[in-house]
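Results of the structural survey
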Amino acid sequence: MRARIFKPARNAMQSGNRRTKTWRIELEGLGEPEIEPLMGWTSGTDTRRQVRLDFPTREAAIAYAERHGLDFWVEDEKQHEARKMAYSDNFRTDRSAPWTH
């Protein structure tokens, strides 16, 4: 069974860093999901796709995968660069584009 170890990205609706400091293991399913002919929904019988395990560190996730004999690969951590911007920057007079409101 193959597994992917990665650090999840933040939700598009999040502004904070909650739930981005953990590492996650997701298991791959055996086959492709099937499309149900009547409604067009995606379905399948393999429940391993639903398994997600969170770990505090990358090393803990790798140790778990090795301990349970999982074939795994590790995706590198993507760095997020936070931009510092003040609310008053919206009203600067030296903006490159005029403020239209």
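Just above sits the structure.
What comes next is a walk through the structure. Just so it is clear, the model here is predicted, and its values are computed rather than measured.

**Brief notes about the sheet that holds strand β6 (residues 71-74)**
Here 4 strands make up an open sheet; going across it, the order is β5-β2-β1-β6 and the pairing mixed. Single-partner strands in this sheet number two, and they are β5 (52-55) and β6. Here the average twist between neighbouring strands, direction ignored, is 20°. Summarising the sheet, strand β1 (residues 2-6) and strand β2 (residues 23-27) pair through 4 bridges and their orientation is antiparallel. Residue pairing across strands places Ile5 opposite Ile25, the latter belonging to β2.

**Let's talk about the layout of surface pockets**
There is about 390 Å³ of room inside the largest pocket. Contributing to the lining of the largest pocket are 13 residues, with Lys7, Pro8, Thr20, Lys78 and His80 lying nearest its centre. Taken together, the residues that form the lining of the largest pocket break down as 3 nonpolar, 4 polar and 6 charged.

Conventions adopted
- Residues numbered from 1 in each chain as written.
- Predicted model: local features only at pLDDT ≥ 70, side-chain atom pairs only at ≥ 80, totals over all residues.
- Heavy atoms only, no water.
- Pairing = 2+ DSSP bridges.
- Helix = DSSP H or I, 4+ residues; strand = E, 2+ residues; numbered from the N terminus.
- Axes fitted to C-alpha atoms, helices over the stretch in contact; angles between N-to-C directions.
- 1 Å grid on protein atoms, 1.4 Å probe; cavity = no way out; pocket = protein on both sides within 12 Å on 5 of 7 lines; lining within 4 Å.
- Points joined across faces, edges and corners; volume = space filled by probe spheres on them.
- Nonpolar A, V, L, I, M, F, W, Y, C, P; charged D, E, K, R; others polar.

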